[in-house]
Amino acid sequence: MTTFLKAGIAAVVLAAGAPVALAAGDGPEIKKSSWNFGGIFGHFDEAQLQRGFLVYKEVCASCHGLKRVNFRNLVQKGGPMFPEESVKELAASWPNKVFDGPNDNGDIADRKGNIIKRPAKLSDPILGPYDNDQQARAAHNGALPPDLSLIARSRNVEYKGTVAYHPLSMARDIATGYQEGGADYIKALMTGYADQPPAYARNKAGQLVEVADKDVKDEKAVERCASISRGDAGAPDVCNKLQDGQYYNKYFPGGQIAMPSPLASPVAYQPNSGATSSIEQNAQDVAAFLSWTADPTLSERKSLGLGVLLYMLVTCVLLYIAKKRTWRAAH
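These lines cover the structure that appears in this document, whether it is placed above or below. (Residues numbered from 1 in each chain as written. Predicted model: local features only at pLDDT ≥ 70, side-chain atom pairs only at ≥ 80, totals over all residues. Heavy atoms only, no water.)

1. Topic: the state of the cysteines
Each disulfide consists of a covalent bond between the sulfur atoms of two cysteine residues. Rules: Defined by distance alone, a disulfide is two cysteine sulfur atoms within 2.5 Å.
A complete count under the given rule lists one disulfide for this structure. Unpaired in this structure, Cys 60 has its nearest cysteine sulfur neighbour in Cys 63, at a distance of 8.9 Å.

Structural data, given as C-alpha cells:
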C-alpha cells in the first residue's frame, strides 16, 4: 500500500468520526418541525394561511412587501381563500398605493409634485411601505428589508451533525420529501430573539465557556457575546460583542440582526381561528403563509403528481401483461 493511499484512508477515517467544524458566528441547530404541507401527501391548511396573513399584515407589512403575490391570490383555491369582497376592501385600503402614471399628458406627478397613485385592486401586487430600495434603506440606517415573496425558498436550515451521518440525513430528507427548510428557518428566526446575548467566562486557556444566566453573580466577571471566534493554535477565543443598533438572535448567522423582534407580543386571533394565539403559534403560522407565497401551487402540484404516479403504475402493469401475452407463444 502506497504512502499516498494510507494517508487518504486515514483522512477519510478521521473525517468520518469528527464533528463538522462550525464557522464563527454559526448558531445552534434548527430543529425540523411538522408541517401540514410537508411530505408527498401534505397540503396547505386554509385556516393557518389566514392566520399567517394576519400576522404578516399586522407585523411584517410595516417593512416588507410581497410584490410577487397579487391580492387576487388571497382568494384563489389552495391559498387562504378569503372572500373576494373582503379582499377587494383590503386592497383598496392597503397603505401603499399603486403607481398610476403617466397620465394622458405623460406626467408621472400632479401639479403639486406628488407621484400619481391609486388604491390597489385585486390584480395588483401586495406592495411594501416603500416606493424603492433607496427609500427603504434610508428608513433603516442602510439596511434593506427584503421582499418576502420567495423568502421561504431562499432560506434553509443548516446541517450540524457529523460527516459520517450526513449521507444518511440527506437520504432521509429525500425519502420523506423534506422541503420545509425555509419554513423551519423562518419560525426559528421569529422565536430566536433574546434580551441580551449569552454570558461566557474564560478558562485558563483563554477559551470562552457559556455560563447560564442564573449562575451569573457579577456581570463584570463575564462577557456577553453574540458569537465566538475560536482561537487557532492555542490563541484565546474572540468574543464578538453585540453592535449598536443590532439585536441578538441565536439563529441568525453571527447572532445579531438589524431587525427588532417582530413578535415582541403575540398577534391576537379571532376565537374561531382554529388556534390559540401565542408567539410560537404566530411564528408557525406566518412561516406557513410565507411558504405558500413562495409556492402557491404546491397543493395542486402534489395532487397532480400523485395522479401521474398512479397512472404510470397502472400503465406499467398493463404493459407487463401485454408483453407476457404477446410473447407467450414464442416461449
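2. A word on the nonpolar core
In plain terms, the rule: Among the buried residues, those of types Ala, Val, Leu, Ile, Met, Phe, Trp, Tyr and Cys that are joined through side-chain atoms within 4.5 Å form a nonpolar core. Type-normalised accessible area, obtained with a 1.4 Å probe on protein chains alone, sets the label of each residue: buried when under 20%, exposed when over 50%, and partly exposed for intermediate values. Each helix corresponds to a stretch of at least 4 residues labelled H or I by DSSP, and each strand to a stretch of at least 2 residues labelled E; elements are numbered beginning at the N terminus. Whether two residues are in contact is decided by their heavy atoms, any of which lying within 4.5 Å being enough.
Tyr 56, Phe 71 and Leu 74 are the most contacted members of the largest nonpolar core, which has 41 residues in total. Secondary-structure elements contributing two or more residues to this core are helix H2 (46-60), strand E1 (66-70), helix H3 (84-92), helix H5 (151-154), helix H7 (181-191) and helix H8 (279-294). Broken down by element, this core gets its largest block of residues, eight residues, from H8. Contacts of Phe 71, omitting those with residues within four sequence positions, involve Val 87, Leu 90, Ala 91, Trp 94, Ala 120, Lys 121, Leu 122, Asp 124, Pro 125 and Ile 126.

3. A look at H7
Side chains that are three or four residues apart share a direction in an α-helix, a result of its 3.6 residues per turn. Within H7, ten of the eleven residues are buried, which leaves it mostly tucked inside the rest of the structure. Taken together, the buried positions of H7 are occupied by Gly 181, Gly 182, Ala 183, Asp 184, Tyr 185, Ile 186, Lys 187, Ala 188, Leu 189 and Met 190. Where H7 is buried, its residues meet H5, strand E11 (256-257) and H8.

4. Focus on the environment of Ala 183
When you line up the elements, Ala 183 lands in helix H7. Judged by relative accessible area, Ala 183 falls into the buried class, the value being 2%. C-alpha separation for the pair Ala 183 and Ala 283, spaced 100 residues apart in sequence, amounts to 9.5 Å. With residues near it in sequence (within four places) discarded, Ala 183 still touches Trp 35, Phe 37, Ala 287 and Ser 291.

5. With respect to the environment of Ala 120
Tracing the sequence through the fold places Ala 120 in the loop between strand E3 (117-118) and strand E4 (125-126). Linking Ala 120 and Phe 99, residues 21 residues apart in sequence, is a C-alpha distance of 9.3 Å. When residues no more than four places from it in sequence are discounted, the contact partners of Ala 120 are Phe 71, Ala 91, Ala 92 and Val 98.

6. Focus: the packing of H2 against H8
Definition in use: Working convention: axes come from line fits to C-alpha atoms, limited for helices to the stretch in contact. Angles between N-to-C directions cover 0 to 180 degrees. An angle below 35 degrees is treated as roughly parallel, one above 145 as roughly antiparallel, one from 65 to 115 as roughly perpendicular, and anything else as oblique. Residues are sorted three ways: Asp, Glu, Lys and Arg are charged, Ala, Val, Leu, Ile, Met, Phe, Trp, Tyr, Cys and Pro are nonpolar, and all the rest, Gly among them, are polar.
It is the contact of H2 with H8, at a shortest axis distance of 7 Å, that shows an interaxial angle of 100°. Considered as vectors, H2 and H8 are oriented roughly perpendicular to each other. Counting all contacts with H2, which are made through Gln 48, Leu 49, Arg 51, Gly 52, Phe 53, Val 55, Tyr 56 and Cys 60, the residues of H8 involved are Gln 281, Asn 282, Gln 284, Asp 285, Val 286, Ala 288, Phe 289 and Trp 292. Split into classes, the residues belonging to the contact of H2 with H8 amount to nine nonpolar, five polar and two charged.

These values are about where atoms sit, not about what they do.
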